[in-house]
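Chain and residue survey
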Amino acid sequence: MLDVKTFHMDSFIPMPYEEALSPRLKLAQDKLQNGSGQGGEFTGWVHLPRNYDQAEYARIKAAAAKIRKNSKALVVIGIGGSYLGARGVVECLQSPNYNLKKKDTPNLYFVGNALSSDAMGEVMDLIDGVDFSVNVISKSGTTTEPAVAFRFFRNLLEERYGREGARERIFATTDRLKGALKSLADSEGWETFVVPDDIGGRYSVLTAVGLLPIAVSGVDIDALMRGAASMMDQCAVPGYECPAWRYAAARYQLYRDGRAVEILGCFDPAFRMMAEWWKQLFGESEGKEGKGLFPASVEFTADLHSMGQYIQQGKRLMFETIVRFGSSARQLNVPEDAEDGDGLNFLAGRSMDFIRDKATEGTLLAHTEGGVPNLIVEAGERNAETLGQLIYFFEYACGLSGYLLDVNPFDQPGVEAYKKNMFALLGKPGYEAQKSELEAKLQK
Ligand code: PA5
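Residues numbered from 1 in each chain as written. Predicted model: local features only at pLDDT ≥ 70, side-chain atom pairs only at ≥ 80, totals over all residues. Heavy atoms only, no water.

1. Describing the packing of helix α2 (residues 54-70) against helix α8 (residues 221-235)
Stated precisely, the cut-off is as follows: Only the stretch in contact is used when a helix axis is fitted, and all axes are lines through C-alpha atoms; the angle between N-to-C directions ranges over 0 to 180 degrees. Secondary structure follows DSSP: runs of H or I at least 4 residues long count as helices, runs of E at least 2 residues long count as strands, and numbering of each begins at the N terminus. Here, two residues are considered to be in contact whenever any of their heavy atoms come within 4.5 Å of each other. Residue type decides the class: Asp, Glu, Lys and Arg count as charged, Ala, Val, Leu, Ile, Met, Phe, Trp, Tyr, Cys and Pro as nonpolar, and the leftover types, Gly among them, as polar.
Where α2 meets α8, the axes come as close as 12 Å, and the angle between the chain directions of the two elements is 145°. Counted together, Y57, I60 and K61 of α2 and I221, D222 and M225 of α8 form the full contact between these two elements. Classifying every residue of the contact of α2 with α8 gives four nonpolar, no polar and two charged.

This is the structure in structure tokens:
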């Protein structure tokens with residue numbers, strides 16, 4: 001079972017903070033469980049792993065099977081919470097090289113998460129002559145990046161398969177009732193899946209938003225949900241037995257003690273996109289009203305040869321949270337070399353996991369001695385069930401953390417600022433007044 005540990009925390013925070021924080025965590029817990037805190041109307045994810053639409057879940061599996069049968073590629077269109085979780089899970093459990101592997105499941109291409117003509121054009125080239133389907137995901141149904149990308153890929157589908165044929169290949173995941181995507185889907189007869197009203201984008205990976213692309217890749221979504229449900233049960237009981245309490249308390253105490261940055265690190269490169277998901281989760285949930293830890297991420301050991309220098313000796317503003325996985329699925333041992341020209345025979349016969357674990361321990365000691373506190377999340381073996389636990393654990397800890405900071409962990413008002421400017425500068429109807437004002441500022 002997932003566990004959270006602190007590493008030599010007493011050299012940074014000598015006082016026992018857990019007991020003092022307990023009443024505040026209990027309040028935060030009640031707010032999450034009852035939906036009675038700020039943004040409480042967006043706490044549907046709290047009970048989701050045991051309380052989801054079974055009929056829709058069955059449709060997700062059926063749609064995934066259909067896509068696997070008639071497509072060699074699935075283009076997943078979405079941004080932020082509408083793509084990071086799915087990509088994170090697929091890369092973590094299947095591989096960051098998923099598309100390059102020999103397999104009987106479709107390639108997944110994630111688009112609509114940028115405004116790069118080259119990046120999108122490349123995916124168009126990659127699916128040229130390949131049977132494909134599209135899963136367009138947008139809760140609001142109006143986000144510019146995915147909406148623009150969808151125009152291109154819908155055109156491609158309709159050119160290739162005709163409007164009727166395209167209908168069999170477009171899957172829209174959006175609001176139950178409102179938004180441009182929902183209206184389009186209804187009028188065109190595309191199959192739709194729902195982003196529940198009470199679940200915001202960054203908490204939606206265990207809804208159709210994440211589950212459909214994840215299921216298409218062949219990940220066992222039953223196991224993912226089972227893991228999340230077991231963590232949900234653990235988190236429902238208030239107290240420090242709950243790992244989310246331990247994590248939320250430690251990181252909050254470090255924040256109060258002056259730490260401004262939390263770096264999430266993992267010694268497995270497959271975790272890179274899960275760390276991106278985590279950054280969005282915590283960054284959008286906590287970073288408001290001038291508060292919050294800045295979430296950053298590193299991939300070890302690669303980043304020990306770049307960011308490691310700053311972590312060890314740069315400005316002392318961060319702490320680290322290390323996600324540790326157990327044994328690798330594949331065991332590789334260092335080969336013996338009779339000549340030992342590289343002097344590595346002291347490692348001959350040792351497993352890569354052994355070397356990784358020693359590197360982890362060495363890094364924990366070095367960074368701690370360099371003045372960087374470390375928290376450890378022991379995640380167990382890397383599989384669908386443990387990843388389901390980890391996802392729910394981070395979501396719950398994030399909700400608790402937001403309430404400890406006294407912010408609304410479920411809104412993202414700051415995201416609107418760039419959008420308004422972009423719409424005005426692009427000449428979107430309704431933004432005429434701001435356009436000339438912004439253009440004048442750009443000239444200064
Ligand atoms: O967490 C969030 O709410 C955001 O990151 C959204 O997921 C993102 O902006 C995409 O929004 P939408 O799904 O409405 O297109």
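2. Points about the packing of aromatic side chains
The description of an aromatic ring pair uses the distance of the two centres, along with the angle that the planes make with each other. Counted only if it meets this: A pair of Phe, Tyr and Trp rings is counted when the ring centres sit within 6.5 Å of each other, with Trp represented by its six-membered ring. The angle between the planes then sorts it: under 30 degrees is stacked, over 60 is edge-to-face, the rest tilted. Burial here depends on accessible area, computed with a 1.4 Å probe over protein chains only, as a share of the maximum for the residue type. Under 20% is buried, over 50% is exposed, and the range in between is partly exposed. Lysine NZ or arginine CZ positioned within 6 Å of the ring centre and within 35 degrees of the ring normal marks a charge as sitting over the ring.
Tallied over the full model, the rule gives 22 aromatic pairs. Ring centres 6.3 Å apart and planes at 75° place the aromatic pair W45 and Y396 in the edge-to-face group. Highlighted residues: W45 in the loop between α1 (17-34) and α2 and Y396 in helix α13 (residues 384-405), separated in sequence by 351 residues. Relative accessible area serves as the criterion here: at 1%, W45 is assigned to the buried category. Judged by its relative accessible area of 0%, Y396 is buried. Ring pairing ties together the aromatic residues W45, Y203, Y392, Y396, Y403 and F410, which thus form one cluster. Here the guanidinium or amino end of R251 rests over the ring plane of Y247, the centre of that ring lying 5.5 Å away. For the cation-ring pair, R350 lies above F354, with the distance from its terminal atom to the ring centre recorded as 4.0 Å.

3. Examining the packing of helix α14 (residues 416-426) against helix α15 (residues 432-443)
Helices that pack against each other are described as a pair by the angle of their axes relative to one another and the distance between those axes. This is how it is decided: Note that the term roughly parallel is reserved for angles under 35 degrees, roughly antiparallel for angles over 145, roughly perpendicular for angles of 65 to 115, and oblique for everything else.
At a closest axis distance of 8 Å, the pairing of α14 and α15 adopts a crossing angle of 100°. Relative to α15, the element α14 is oriented roughly perpendicular. Seen from α14, the contacting residues are N421, A424 and L425; seen from α15, they are Q434, K435, L438, E439 and L442. Here the residues of the contact of α14 with α15 are counted per class, giving four nonpolar, two polar and two charged.

4. Examining the nonpolar core
If you look at soluble globular proteins, the nonpolar side chains tend to sit buried side by side. The condition that has to hold: What we call a nonpolar core is a set of buried Ala, Val, Leu, Ile, Met, Phe, Trp, Tyr and Cys residues that are connected through their side-chain atoms within 4.5 Å.
The biggest cluster of nonpolar side chains holds 97 residues, and the ones touching the most others in it are V89, F271, V323, L390, F393 and F394. Per element, the largest residue contribution to this core is 14 residues, and it comes from α13. Once you skip the residues sitting within four places of it in the chain, F271 turns out to touch C92, L264, C266, V323, F325 and L390. Counting residues in hydrophobic clusters, the runner-up holds 21 residues, among them V75, I77, I127 and L157.

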